[in-house]
Amino acid sequence: MILRTLPLLRRAVDNFRARKATIALVPTMGALHDGHLSLVRLAKRRAERVIVSIFVNPTQFAPTEDFGSYPRTWKADLAKLAAEKVDAIWHPDVKTMYPDGFATRIVPEGAATAGLEDRFRPHFFGGVATVVGKLFTQCRPDVAVFGEKDFQQLRVVAQMARDLDLGVRVIGSKTVRERDGLAMSSRNVYLSVEQRRAAPELFRAMKQSAARMRAGDGFTAALAAGTAIIRQAGFALDYLEVRHAETLAPAASVEDAPLRILVAARLGTTRLIDNMAV
Ligand code: PAF
């Protein structure tokens, strides 16, 4: 069932609710890959009805970013979701989400100002929180599933759901990787053959840093080892950091556990992010 207007979405959600079915939402921007499908499968295990939203959200892109060229693969997405037997696909247009005169934004703090993605994409979490807040109120899910690949986003959205009493349980789903370790991402299609060959070094760098931390090395030395691998592979590094896995506050030693390594780096014009538990 493809739903493109709010009245149709409301009717479908009312219908699920009338049957006392629990609802899971999987918010996406389309260009679906196996990582997204693993979110859908987790959603199916957690609720009786699954709604997948497909909406490339303009407010989370800066004017210099790739909103216009973001991969849009509608037909292939539909085929994948049909094979997963999802109950509804919510596919609003920009006017439905942001009608003329739209003037309200959610401005997240806490994890959203941790100095990671927000340092390089200051507009990003405001756009994400606003659209996800709207998706939650539109779809009224019991649970919502987000990928751990966007780790800071997962933390921001979970906090927002708690802070605003949205009644949605936010669940994180493990990152799905290619065989060589590269985290699946809709943006991987931007990589040239040569860049694609270099890209898994990001994963190797995190593994190396995490292993050294676990072995008792100081964090500065452990991160320097990862940084060297990333630079050697031809990346321009935005950050490679270790943080508290829940609060994303800076971490200085294993005493600050649970720990998460987070990385963002650019190969040419393509920016990749990834993370890993220590
Ligand atoms: O992770 C994404 O694909 C997007 O940021 C989301 C959560 C669908 C909001 O537009």
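Residues numbered from 1 in each chain as written. Predicted model: local features only at pLDDT ≥ 70, side-chain atom pairs only at ≥ 80, totals over all residues. Heavy atoms only, no water.

Trainee: Help me understand the sheet that holds strand E7 (residues 236–244), please; the structure alone is not making it clear to me.
Mentor: Pairing between the strands of a sheet comes from backbone hydrogen bonds, and it takes one of two forms, parallel or antiparallel. A sheet is described by the order of its strands in space; here three strands give the open sequence E7-E8-E9, paired in antiparallel fashion. Taken across any chain shown, the strands that pair with only one partner, and hence form the sheet edges, are E7 and strand E9 (270–277). Strand-to-strand twist in this sheet, taken as the mean axis angle between neighbours without regard to direction, amounts to 10°. Pairing between strand E8 (residues 259–267) and E9: eight bridges, direction antiparallel. Bridged to Ala265 within E9 is Leu272. The sheet strands contacting helix H9 (residues 201–214) are E7, E8 and E9, and the helix crosses E9 at an angle near 30°. (Pairing = 2+ DSSP bridges. Helix = DSSP H or I, 4+ residues; strand = E, 2+ residues; numbered from the N terminus. Axes fitted to C-alpha atoms, helices over the stretch in contact; angles between N-to-C directions. Contact = heavy atoms within 4.5 Å.)

Trainee: Mind showing me how you'd approach empty space enclosed by the protein here?
Mentor: Left-over empty space is what a probe sized like a water molecule reveals as it rolls over the atoms. Per the counting criterion, the structure on display carries one cavity of 30 Å³ or more. In this structure, the largest cavity encloses a volume near 60 Å³. For the lining of the largest cavity, the secondary structure elements donating two or more residues are H9 and E9. The element contributing the most residues to the lining of the largest cavity is E9, with three residues. Per-class residue counts for the lining of the largest cavity are seven nonpolar, two polar and two charged. (1 Å grid on protein atoms, 1.4 Å probe; cavity = no way out; pocket = protein on both sides within 12 Å on 5 of 7 lines; lining within 4 Å. Points joined across faces, edges and corners; volume = space filled by probe spheres on them. Nonpolar A, V, L, I, M, F, W, Y, C, P; charged D, E, K, R; others polar.)

Trainee: Just to check I follow, could you spell out the layout of surface pockets for this structure?
Mentor: Reported here for the second largest pocket is a volume of approximately 230 Å³. Every residue lining the second largest pocket is counted, 17 residues in all, and those nearest its centre are Ile54, Phe55, Val56, His91 and Pro92. Broken down by class, the residue content of the lining of the second largest pocket amounts to 10 nonpolar, three polar and four charged.

Trainee: Which parts of the structure should I look at to understand the site of the ligand?
Mentor: Around the ligand, the neighbouring residues are Pro27, Thr28, Met29, Asn57, Gln60, Val128, Val131, Phe146 and Gln153. Between an oxygen atom of the ligand and a side-chain N or O atom of Gln60, the distance comes to 2.6 Å. At 2.7 Å, a side-chain N or O of Gln153 approaches an oxygen atom of the ligand. Taken by itself the ligand offers 290 Å² of open surface, and the protein chains cover 89% of this. If you list the elements that add at least two residues to the shell around the ligand, you get strand E2 (23–28) and helix H6 (124–139). (Near = heavy atom within 4 Å. Polar contact = N/O pair within 3.5 Å; in protein donor to acceptor, adjacent residues only side chain to side chain. Areas by Shrake-Rupley, 256 points an atom, 1.4 Å probe, with all protein chains shown as cover.)

Trainee: What's the story with the pattern of salt bridges in this structure? I'm lost.
Mentor: Considering all chains together, one arrives at 17 salt bridges under this definition. The closest approach of N and O atoms between Asp180 and Arg196, which form a salt bridge, is 3.0 Å. In this pair, Asp180 sits in the loop between strand E6 (169–173) and helix H8 (193–198) while Arg196 sits in helix H8, placing the two residues 16 residues apart along the sequence. For Arg196, a relative accessible area of 26% puts it in the partly exposed group. In this structure, a network of salt bridges that share partners links the residues Glu117, Asp238, Arg266 and Arg271. (Salt bridge = Lys/Arg side-chain N within 4 Å of Asp/Glu carboxyl O. Buried < 20%, exposed > 50% of the residue type's maximum accessible area, 1.4 Å probe, protein only.)

Trainee: For this particular structure, what's the right way to read the packing of H6 against helix H7 (residues 151–163)?
Mentor: How two helices sit against one another is set out by the angle between their axes and by the gap between those axes. Relative orientation of the contacting elements H6 and H7 amounts to 50°, with a least axis distance of 10 Å. By the criterion of interaxial angle, the relationship of H6 to H7 is oblique. Two packed elements cross with a definite hand, and for H6 against H7 that hand is right-handed. Along the contact surface, H6 presents Phe124, Phe125, Val128, Ala129, Val132, Gly133 and Phe136, while H7 presents Gln152, Gln153, Val156, Val157, Met160 and Ala161. Class assignment for the residues of the contact of H6 with H7 results in 10 nonpolar, three polar and no charged. (Parallel < 35°, antiparallel > 145°, perpendicular 65-115°, else oblique. Left-handed = near helix turned anticlockwise from the far one by under 90°.)

Trainee: Can you help me understand the side chain of His244 in this one?
Mentor: Looking at where His244 falls in the secondary structure, it is placed in strand E7. At 3.1 Å, the side chain of His244 forms a polar contact with the backbone nitrogen of Glu246. Dropping the residues within four chain positions of it, His244 is found in contact with Ala249, Ala251, Asp256, Ala257 and Pro258.

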